[in-house]
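Fold and geometry: a report
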Amino acid sequence: MPPKRRSTGTTPSKETKNRAESSSSDIKTSPELTAKKHRDKDADFVALCKSLHVSDVVCERTWKMYKSLQQSLDELAVEPKKLWGAALFAVVTDVDAASFTLTQVQKAVGMNVNQFVALVRKLDINLDTISTKVNSALARLENKYEVTLALYQRFDKTCKRIFAVAPEAKENEIIRTCWTMFLLAKGKALQMEDDLVISFQLLLCTLEFFTKRCSPDLLQPLYQSAISKFQSPVTRTSRRNQNSAKARAAEPEVDLLLLETLCKENECNVDEVKNVYQTSFSAFLVSLDLHKLSGLPQANSMNQQYEEHYLKCRDIDARLFLDSDETLLAPQVEPVQVERTPKKNMLEEDAMPVPQTPIRAAMTSIQQLRGDLTSRGDQPSPNLARYFKNCTVDPAQDILRLLETLGPKFSQRFAEAVGPRCISLGRQRFNLGVKLYYKVMEAMLKSEEKRLSEQNFSKLLNNSKFHTSLLACALEVVMATYGESSFKTGGYNHGRNADDPGAANLCFPWILDVLDLSAFDFYKVIESFIKADATLIKDIVKHLEACENLIMERIAWKTGSPLFELLKHEHELGSVEQAEAPASFNQPLQHNHTAADLYLSPVRPCLRTLPPDSPAKPGSQGAAPPSSQSAPQTANQNPRQIKSNSLSLFYKKLYRLAYTRLKMLCSYLLSTHPELELIIWTLFQHTLQHNYELMRDRHLDQLMMSAMYAICKVKSVDLRFKTIVSSYKDMPNTCQETFKHVLISEGHYDSIIVFYNQVFMQKLKTNILQYASTRPPTLSPIPQIPRSPYKFPSSPLRVPGSNNVYISPMKSSRSSCIMTPRSRMLVSIGESFGTPNRFQQINQMVNSGDRSLKRSSDHIGIPKHLKRLRFDVDGQDESDGSKSDGDSRLIQRLNDLTSARSRMQEQKMKEDVESRKEQH
């Protein structure tokens, strides 16, 4: 028999038990466990398998896994029964032979969700035990658990605000039924059950449904007064006469006053919740024949129907949150900690941020996004319309047709991913995206007008790829704000089953597929988008930066990407982007290119954006970058070999990303061999530059790990792939699919080791062996590693090689900006230095935090002519040769001080020697 479930207050019917047993035996292999076949195994293990209704095949495979890992797992000091449970889960998931739920196996081995998931991952000792399919299933379980936990915590808090003190049994029955009905609604209405925002809105709909049907004496005064007068609460007497009540009751509609109160108390947009009610929730009520019910739903009925859903999904029994069950172990968060605010006597810059629950954080982000776009309509503003009319060819009608085509397509695909009744929600997301798209486009054009003193942007605004990319970026921002796009799976979806409801997701690059847009085109707009919209919150900026990195790491290298065609032509021209000269880690990104430059940059030499019958006006925006000062090419002129700005910038950023990740991995593994870092980078950079075909349908980190292994091999440094991969997993933004699912040949995937042996080494063998010769290749220069243009100055940075050590920018007092004789020590070089304590004073000055401030009086009152729009930190313009950061000045100043101190020490030593001579 299956392990006992906790009592729900109602006894499951025989039908439910039979259904559970039949579902447990719904496997692809033999449904019965034959004890005689497993006499060689531990009796407790066989008993566990039998209790969980696994087949002979599953039992055999699990035991083999356990025995193969037993020696390694002994170090974990975990009792065998827990290891058996974790191994059973891994096997049944891998072979699609599930006969138990996650909660059932947790109960059987006595572990909570977090402990169990962590143990399953620890089974991957040899990096080939846990498949990508199992890891994907674990990721979905974790996401669903975290979302459901956050929802339950808010549900518990909200119920305490709604319900007055009442007899425990009566209150518990209502709360239990409400929570169970919500879980059932979430499971039936949403395919993407880990969508936090829509699930929370669905929870408010469920609370509205129950609250207006409760007796007034069970409610707090606020909610008693919130129920509309015409909505007469149903009493116990009316529930006894349920048949006649059903006949008299009209189809219930949403109580707007009550719903507004719930939304206000929970900082949620009432229009969005109303939309969810009228579509998804209403459809759910109709499907269960609850739409005409005037009383409260039957607890037994809700419990039984959720039981069926839970056994079908085979994950966690979320009803157990109500009992604080040990399998879920919901952490108890003190309200004081969640709601606390900074002390009033603290300085604003030193105040700690208010801790937020996941739901509050999501609601705050959504409110800010909607607030910024409230005043904007679905049509271009007068200023934007003016830009359209100034074009040689007015793009307004083409833009409208593009939006009319993409809008329904987006809404339909959104509904397919989230839930069948969510088309209207998709329309809401799209409309918000359109508003943001118009807003950012107008800001971009204003910047271009200042940069170029030009108002005719016909070529740019008649480029459909530009508009599709800008719209895609706006929609990605909207979905990320609503928590519907993230990177928990690293952008990999190949391990997911299309028929699995839990497999649907809206994570990037979903939007590229929906809008039929190449990742290389999308990347061109990201940096300009961020700079054009100053209202983007920090988390969204980080999200877009992660999108850009994912494009450079993997997505832009998929077969069919325009990147390969561009690279082919650049190689034919011999103008491939070289690695850059060494530079400071603190320099900002050095480039002149705006989105306009990148979208008008040629895909091949002299490719035109407009057809020949649509020539641009003299002086209108050309395809060449503004810095070249060259006039646009006409159709009759001989084509010139123009270098692609988009490819040049892409490779600059690619080299920076590649070297940054390599440097981090080297800090983990090769701290005793620092000389190897530059050699590995040289091979890595050579591969990206000259053997870019190796990146086709692969990941940047696959080449990085292969280059590291190759150099260590020829340099006789003992470093195994298993060690490399183990450390790689500890790096940020990594996914096990990167080293477990590598393309070997067309349609064939294997591990990173097989890729190295069969592909990487075979292609680069001659080049690799050169590093073992007496005349190795010239080392490649280290690329510039600037502060990211997306980072905020106050953001703490994680120290490479550490898990929880961060460095925050140093803060200095404003009173130390101006140096005076009284506040600073003045030293005259070449004169007698004086007393020895002066050295100590200099040390204190050098170590002082005041040294990082620039003198504020340097350029006060001098207006700066903005010749071209820059996307660098703090909007610095380098056209006049000025530096964009004070760090280089600081370093120079420290060097000067150090040099001065050395000279003064030498001078004092000479004076001491001369003094001694005189004494003698």
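All values derive from a computational prediction rather than experimental measurement. (Residues numbered from 1 in each chain as written. Predicted model: local features only at pLDDT ≥ 70, side-chain atom pairs only at ≥ 80, totals over all residues. Heavy atoms only, no water.)

All right, on to the packing of aromatic side chains then. Throughout the structure, instances matching the rule amount to 41 aromatic pairs. Each ring, one from F89 and one from F116, has its centre 5.6 Å from the other, and the planes form 85 degrees; the classification is edge-to-face. Of this pair, F89 sits in helix α4 (residues 80-94) while F116 sits in helix α6 (residues 113-122); the two residues are 27 residues apart in sequence, bridging distant segments of the chain. This pair shows no difference in class: F89 is buried, exactly as F116 is. Judged by centre distance (5.4 Å) and plane angle (40 degrees), the ring pair of W179 and F182 falls under tilted. Taken together, the residues W179 and F182, both in helix α8 (residues 168-189) and three residues apart, mark about one turn of the helix. Residue class for F182 comes out buried when judged on its relative accessible area of 0%. These aromatic residues form a ring-pair network of at least three members: F520, Y523, W557, F564, F650, Y651, Y655, Y659, W681, F684 and Y692. Here the basic side chain of R386 rests over the ring of Y387, its NZ or CZ set 4.7 Å away from the ring centre. (Phe/Tyr/Trp six-rings, centres within 6.5 Å; stacked < 30°, edge-to-face > 60°. Helix = DSSP H or I, 4+ residues; strand = E, 2+ residues; numbered from the N terminus. Buried < 20%, exposed > 50% of the residue type's maximum accessible area, 1.4 Å probe, protein only. Lys NZ or Arg CZ within 6 Å of the ring centre and 35° of its normal.)

Going through the model one piece at a time under the given rule, you end up with zero disulfides. Unpaired in this structure, C49 has its nearest cysteine sulfur neighbour in C59, at a distance of 3.8 Å. You can call C49 buried: its relative accessible area is 0%. Here C263 is not disulfide-linked; the sulfur of C268 is the nearest cysteine sulfur, at 5.1 Å. Owing to a relative accessible area of 1%, C263 belongs among the buried residues under this scheme. (Disulfide = S-S within 2.5 Å.)

This brings us to the confidence of the model for the chain. For the chain, per-residue confidence averages 77 on the pLDDT scale, and 67% of positions sit at 70 or higher. When the elements of the chain are averaged for pLDDT, helix α1 (residues 14-24) gives the smallest value, 38, and helix α30 (residues 700-714) the largest, 97. Ignoring residues within four places in sequence, the model shows residues 603-620, a span with pLDDT below 50, making 32 contacts including any to other chains. Across residues 811-824, where pLDDT falls below 50, the model places 18 contacts with residues more than four positions away in sequence or in other chains. (pLDDT = per-residue confidence, 0-100. Contact = heavy atoms within 4.5 Å.)

One ladder, built from three bridges, connects strand β1 (residues 742-745) with strand β2 (residues 748-750); its direction is antiparallel. Across the sheet, S745 pairs through a bridge with H748, a residue of β2. (Pairing = 2+ DSSP bridges.)

The end-to-end C-alpha distance of helix α25 (residues 538-553) is 22 Å, a good match for the 22 Å that 16 residues give at a rise of 1.5 Å each. With respect to burial, α25 is a largely interior element, 12 of its 16 residues being buried. Inspection of α25 places I540, V541, H543, L544, E545, C547, E548, N549, L550, I551, M552 and E553 among the buried residues, and these make up the whole buried set. In this structure, the buried side of α25 is in contact with α22 (464-481), α24 (519-532), α28 (645-669) and α30. (Expected span 1.5 Å × (residues − 1).)

Next up on the list: the nonpolar core. F529, F650 and M708 are the most contacted members of the largest nonpolar core, which totals 239 residues. Broken down by element, this core gets its largest block of residues, 14 residues, from α28. When sequence neighbours within four positions are dropped, the list of residues in contact with F650 reads F520, Y523, I551, M552, A556, W557 and L563. (Core = buried A, V, L, I, M, F, W, Y, C linked by side-chain atoms within 4.5 Å.)

The omega torsion across F508 and P509 is 15 degrees, close enough to zero to call that bond cis. If you trace the backbone, P509 turns up in the loop between α22 and α23 (510-514). Notably, D697 is not glycine yet its phi reads approximately 60 degrees, a positive angle. Along the chain, the position of D697 falls in the loop between α29 (676-690) and α30. Residue D697 is classed as partly exposed on the basis of its relative accessible area, which comes to 30%. Despite not being glycine, S716 has its phi angle at roughly 60 degrees, a positive value. Turning to its location among the elements, S716 is positioned in the loop between α30 and α31 (721-728). A relative accessible area of 69% places S716 in the exposed class.

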